[in-house]
Amino acid sequence: MSERKADIAIVGTGIVGLAHALAASKRGHSVVLFERTPQAQGASIRNFGMIWPIGQAPGQVHQRALRTREIWRDLAPKAGFWLAETGSLHLAYADDEYAVHQEFAALAPDLGYQVTLFDADAVLTRSRAVRADNLKGGLWSPTELCVDPREAIAALPSYLERAHGVSLRFATPVHHIDLPRIHTPRDTWTVERAIVCSGADFESLYPDIFADSGLTRCKLQMLRTAPQPDDWRLGPMLAGGLTLRHYTAFKECQSLAAYARRITAEHPEFDDWGIHVMASQNGRGEITIGDSHECGWSIDPFDKPEIDRWILDYLQTFLAAPSLHIAQRWHGIYAKHPDRADFIADPAPGVKIVNGVSGAGMTTAFGLAEEVFAAWE
Ligand SMILES: Cc1cc2nc3c(=O)[nH]c(=O)nc-3n(C[C@H](O)[C@H](O)[C@H](O)COP(=O)(O)OP(=O)(O)OC[C@H]3O[C@@H](n4cnc5c(N)ncnc54)[C@H](O)[C@@H]3O)c2cc1C
């Protein structure tokens, strides 16, 4: 076995590991990136590809999302993956949903969000994908970006290798970190520091830290249509009323409580399975649809067809796409902290765990990685 050297070892080629590899390289460090599978297969390739600043908590996390957005825009042409500056529309079909839109639009300037309150006509002018019947209005936000996560997460490692000289070690699980040594079945590396970005794997490295971390796992069911006919485009990414209950940003609105109470009374299944419904569309014309949230340390490996049905039924209350023929179904699992937007720990001198970015890793990882290095050096 050969012995190799780098300044920093990073474990995991999900978006969090890739973001830290980029931030470390930009600071002039040599980096080796380890991934246990032949290509990333975790949460980072299973998501909507939504870069979603509008949903993030006001202040630091929202600023982190805006910084991440800038980095995605910079990377797409350099790394050669598709990215669209679609913006987003939240849609209201009931007065209590529109009340939350109105309140959020009023608060937005002070909280730092760029949103515009639309009436129904303005929504329909912005998007031909939206159902007109009973539409009250919507919230337009220009800050959301869409990438195809499968394409972007596949393209970024080779870009990091090509542009920043990052060493890539796929199909190489890290079994043990004992700085300055990183032990893998393929070779041993000598490094100064290590960053563990292992996503929902809480067992392989530092299981004691994860056991006490407060982190849990969250499983989301997802669906994807075949490419839409005739090059039909979704335009802005869409979110129905239920999404108001999901993202932290809207917790600022007092009107949210009444809406949430109504949904709990009318649709307990949405509470039971954490269902809210959003749609994005990739460069090949496929619409990605989700999702549900089943959280716990132990995750049911099998999917529930009734969840897919509830998601699709709700989707059709606001989306009028030419075809909702479902071509793929899958689930993804992310690591979540109950009350923090990230989980950072120092399990040994020179080693950091960066995890717990919850349902927003695509939206926050690049900014978070810059913050981690700024605080560490
Ligand atoms: C269905 C779904 C939809 C989502 N939608 C969005 C969205 O639209 N926008 C958004 O911002 N966020 C979204 N998220 C959240 C986002 O996908 C996650 O926050 C993010 O992908 C987490 O990235 P990660 O790098 O921590 O984990 P992962 O992507 O899971 O990567 C962890 C990697 O570490 C590797 N690994 C673990 N242990 C080892 C080891 N010992 N040695 C080597 N390799 C190891 C794993 O193989 C894996 O590849 C969604 C998540 C899901 C599941």
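Throughout, a residue's number is its position along its own chain's written sequence, starting from 1. Local features in a predicted model are, by the rule used here, given only for residues with pLDDT of at least 70; side-chain atom pairs are given and counted only at 80 or more, and totals for whole chains, interfaces and linings are based on all residues.

Draft legend 1. Local environment of the site of the ligand. By convention here, the C-beta atom is placed from the backbone, and a residue is near a molecule or strand when that atom is within 6 Å of it. Neighbouring residues of the ligand: 46 residues in total, closest G14, G42, G199, G332 and G361. Elements represented by at least two residues in the shell around the ligand include exactly α1 (15–26), β13 (216–225), β18 (326–336) and α10 (361–376). Each residue gets one of three labels, nonpolar for Ala, Val, Leu, Ile, Met, Phe, Trp, Tyr, Cys and Pro, charged for Asp, Glu, Lys and Arg, and polar for the others, Gly among them. Here the residues of the shell around the ligand sort into 21 nonpolar, 20 polar and 5 charged. The domain limits used here are those given by an automatic or database domain assignment. Each of domain 1 (3–45 + 150–213 + 340–376) and domain 2 (94–142 + 216–336) contributes no fewer than three residues to the shell around the ligand. Helical segments are the DSSP runs of H or I of at least four residues, strand segments are the runs of E of at least two, and each set is numbered from the N terminus.

Draft legend 2. Summary view of the nonpolar core. Counting 105 residues, the largest nonpolar core has A9, I10, A19 and L238 as its most contacted members. Ranked by residue count, the leading element in this core is α1, at 8 residues. Counting residues domain by domain, this core receives three or more from each of domain 1 (3–45 + 150–213 + 340–376) and domain 2 (94–142 + 216–336). Each residue is represented by a C-beta atom placed from its backbone, and any two residues with such atoms within 7 Å are regarded as in contact. Apart from residues lying up to four places away in sequence, A9 is in contact with V32, F34, I182, W189, V191 and A194. Core membership is restricted to buried Ala, Val, Leu, Ile, Met, Phe, Trp, Tyr and Cys residues, and these are joined into a nonpolar core through C-beta atoms within 7 Å. Burial is judged by counting other C-beta atoms within 10 Å of a residue's own C-beta: 20 or more means buried, 12 or fewer means exposed, and anything between counts as partly exposed, with every C-beta placed from the backbone.

Draft legend 3. Layout of the sheet that holds strand β4 (residues 83–84). Any two strands are treated as partners once DSSP identifies two or more bridges connecting them. Strand order across the open sheet formed by 3 strands is β3-β8-β4, with antiparallel pairing between neighbours. Strand pairing shows two members of the sheet lacking a second neighbour, β3 (50–51) and β4, which therefore form its edges. In this sheet, strand β8 (residues 145–147) lies alongside β3 in antiparallel orientation, the contact comprising 2 bridges. Each residue of the ladder has a partner; that of I51, found in β8, is L145.

Draft legend 4. Highlighting helix α2 (residues 60–79). An ideal rise of 1.5 Å per residue puts 28 Å on 20 residues; α2 measures up with 28 Å between its terminal C-alpha atoms. All of the buried residues along α2 are V61, H62, R64, A65, T68, R69, W72, L75 and A79. Each buried residue of α2 lies within a common arc of 150° when the element is viewed along its axis, so the set occupies one face. The exposed set on the far side of α2, more than 90 degrees from its buried face, consists of E70, D74, P77 and K78. For α2, the secondary structure elements touched by its buried residues are β3, β4, β8, α5 (149–164) and α10. By this rule, a helix spans an expected 1.5 Å times one less than how many residues it contains. Note that the arc is computed from the directions linking the helix axis to the C-beta atoms.

Draft legend 5. The pairing of strand β16 (residues 287–290), seen in detail. What you see with β16 is no split at all: I287 and I289 on one side and T288 and G290 on the other are buried throughout. One ladder, built from 3 bridges, connects β13 with β16; its direction is antiparallel. Across the sheet, M222 pairs through a bridge with G290, a residue of β16. In textbook terms, the turn of a hairpin is the stretch between consecutive antiparallel strands, and for strand β15 (residues 278–281) and β16 this stretch comprises 5 residues, one of which, G285, has a positive phi near 95°.

Draft legend 6. The domain arrangement of the chain, seen in detail. Along its sequence, the chain is carved into domain 1 (3–45 + 150–213 + 340–376) and domain 2 (94–142 + 216–336). Look at where the C-alpha atoms of domain 1 and domain 2 centre, and you get two points 31 Å apart. Taken together, the residues that form the side of domain 1 that touches domain 2 break down as 2 nonpolar, 6 polar and no charged.

Draft legend 7. Inspection of unusual backbone geometry at higher detail. Cis geometry is found at the peptide bond from L179 to P180, where omega equals 10°. Relative to the elements of secondary structure, P180 occurs in the loop between β10 (176–178) and β11 (181–183). Although it is not a glycine, Y206 sits at a positive phi angle of roughly 50°. Positionally, Y206 belongs in the loop between β12 (188–196) and α6 (207–211). The residue D230 is not glycine, and still its phi comes out positive at about 55°. Counting through the fold element by element, D230 comes out in the loop between β13 and β14 (237–239).

Draft legend 8. Examining α5 more closely. Across its 16 residues, α5 extends 21 Å between first and last C-alpha, which sits within 8% of the 22 Å expected from 1.5 Å per residue. Along α5, the positions that sit buried rather than exposed are P149, A152, I153, L156, P157 and L160. Those residues of α5 that are buried lie in contact with α1, β2 (31–34), α2, β8, β9 (167–169) and α10.

Draft legend 9. Representation of the packing of α2 against α10. All axes here are fitted lines through C-alpha atoms, helices being fitted over the stretch that makes contact, and every angle between N-to-C directions spans 0 to 180 degrees. Running from amino to carboxyl end, α2 crosses α10 at an angle of 100°, the nearest separation of the two axes being 6 Å. Overall, the two elements α2 and α10 adopt an arrangement that is roughly perpendicular. For the pair α2 and α10, contact is made by V61, R64, A65, R67, T68, I71 and W72 and by T363, T364, A365, F366, G367, L368, E370 and E371, respectively. Taken together, the residues of the contact of α2 with α10 sort by class into 7 nonpolar, 4 polar and 4 charged. Here the word oblique covers every angle except those under 35 degrees (roughly parallel), over 145 (roughly antiparallel) and from 65 to 115 (roughly perpendicular).

Draft legend 10. Structural detail: the environment of P322. With respect to the element layout, P322 can be found in the loop between α9 (305–315) and β18. Beyond its immediate stretch of four places on either side in the chain, P322 contacts Q228, P229 and W232.

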